[in-house]
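# Structural overview for review
Chain by chain, the residues:
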Amino acid sequence: QFEDPGLGYRLRYQAKGYLCADIYIYDNNISDIEDGPEDKRVQQEFVYILSGIAHMAQIGKYTNLEQLESGTTSFAKGSINFLWNRCQYQQMAGDDVYFTELQVSETYLSARAGMFIKVRLNLKQEELKARRAEVDDFIKQLAHIVGNNQKFYKGDVLVPATPSATIHAPANSISATNDVS
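One structure accompanies this document, and this report is about it.

### Remarks on helix H1 (residues 40–58)
- Between the first and last C-alpha of H1 there are 27 Å, a value that for 19 residues agrees with the 27 Å anticipated at 1.5 Å per step.
- Those residues of H1 not exposed but buried are Val42, Glu45, Phe46, Ile49 and Ile53. The buried residues of H1 all sit within an arc of 105° when viewed along its axis, so they share a single face. Facing away from the buried side of H1 by more than 90 degrees, the exposed set consists of Lys40, Val47, Tyr48 and Gln58.
- A distance of 2.6 Å separates the backbone nitrogen of arginine 41 from a side-chain oxygen at the start of H1, and that oxygen is part of aspartate 39.
- Residue glycine 60 follows H1 closely and has a positive phi angle near 90°.

Here it is as C-alpha cells:
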C-alpha cells in the first residue's frame with residue numbers, strides 16, 4: 001500500500017527468469033470510475049501511462065523504445081476488457097535496474113469497482129515467443145479474478161463492485177474469493 005491512498009496497492013508477481021508483473025489497484029483520488037476500458041477516465045489514464053513510458057525515453061532512462069501494438073483485449077467471454085499496449089526498449093543501468101538488454105513491456109488497464117486495474121508485465125524480448133502462453137494465461141487468470149471480485153478496498157473502506165457474470169476458472173488455475181473481508 002502506498003502512503004497516498006489515491007495510489008492504492010501494488011502486488012508484484014515474479015516468475016523464473018526475467019518475467020515479472022506489477023499489478024496496481026488504485027483510484028488516483030478520482031470517484032465514480034466506471035467498470036471497463038470505455039470510461040473516459042480510464043482512457044485518459046492510459047494515455048498518461050503511455051506518455052510516462054515515452055518520457056522515460058526522453059530523459060535517457062530507456063533507449064531503443066519502439067511501440068509494437070496497442071488496442072483493447074479480452075481474454076474470455078464475460079471477463080473484464082483491458083486497454084493494452086506492447087512496446088520494447090532497453091533500460092539504462094542504474095539503481096534497481098536488473099536487466100539492461102532488450103525487453104518487452106506490456107501494459108494493461110481497465111477499471112472495476114471504482115478502481116483502476118493496471119498491470120505492467122516485463123520480459124526479455126528474446127523470450128516473448130517461448131513464454132507467450134504463460135503471459136497470456138497469467139493475464140487471463142487475473143482478468144477472471146478481477147471480473148469475479150465483488151469488492152475492493154479503497155483506503156480502509158470495502159467498496160462493492162458492480163455485479164458481473166460469474167466466470168468459472170479451470171481447477172488448476174489461480175483462484176480468488178468474492179469476499180475480501
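### Digging into the pairing of strand S5 (residues 102–112)
- Burial analysis of S5 places ten of its eleven residues in the buried class, which makes it a mostly covered element.
- In the sheet, strand S4 (residues 82–91) pairs with S5 via eight bridges, with the strands oriented antiparallel. Residue glutamine 88 lies in a different strand from S5, and its bridge partner there is valine 104.
- Strand direction decides the pairing type here: S5 and strand S6 (residues 115–124), joined by ten bridges, are antiparallel. From the neighbouring strand, tyrosine 108 faces S6, where its bridge partner is valine 119.
- In textbook terms, the turn of a hairpin is the stretch between consecutive antiparallel strands, and for S5 and S6 this stretch comprises two residues, one of which, alanine 113, has a positive phi near 55°.

### Some words on the environment of lysine 118
- When you line up the elements, lysine 118 lands in strand S6.
- Sequence-wise, lysine 118 and isoleucine 49 are 69 residues apart; in three dimensions their C-alpha atoms are separated by 9.6 Å.
- Setting aside residues up to four positions removed in sequence, lysine 118 forms contacts with Asp22, Ile23, Tyr24, Tyr26, Ile49, Thr107, Tyr108 and Leu109.

So, how was this worked out
- Residues numbered from 1 in each chain as written.
- Predicted model: local features only at pLDDT ≥ 70, side-chain atom pairs only at ≥ 80, totals over all residues.
- Heavy atoms only, no water.
- Helix = DSSP H or I, 4+ residues; strand = E, 2+ residues; numbered from the N terminus.
- Expected span 1.5 Å × (residues − 1).
- Buried < 20%, exposed > 50% of the residue type's maximum accessible area, 1.4 Å probe, protein only.
- Arc of directions from axis to C-beta.
- Polar contact = N/O pair within 3.5 Å; in protein donor to acceptor, adjacent residues only side chain to side chain.
- Pairing = 2+ DSSP bridges.
- Contact = heavy atoms within 4.5 Å.

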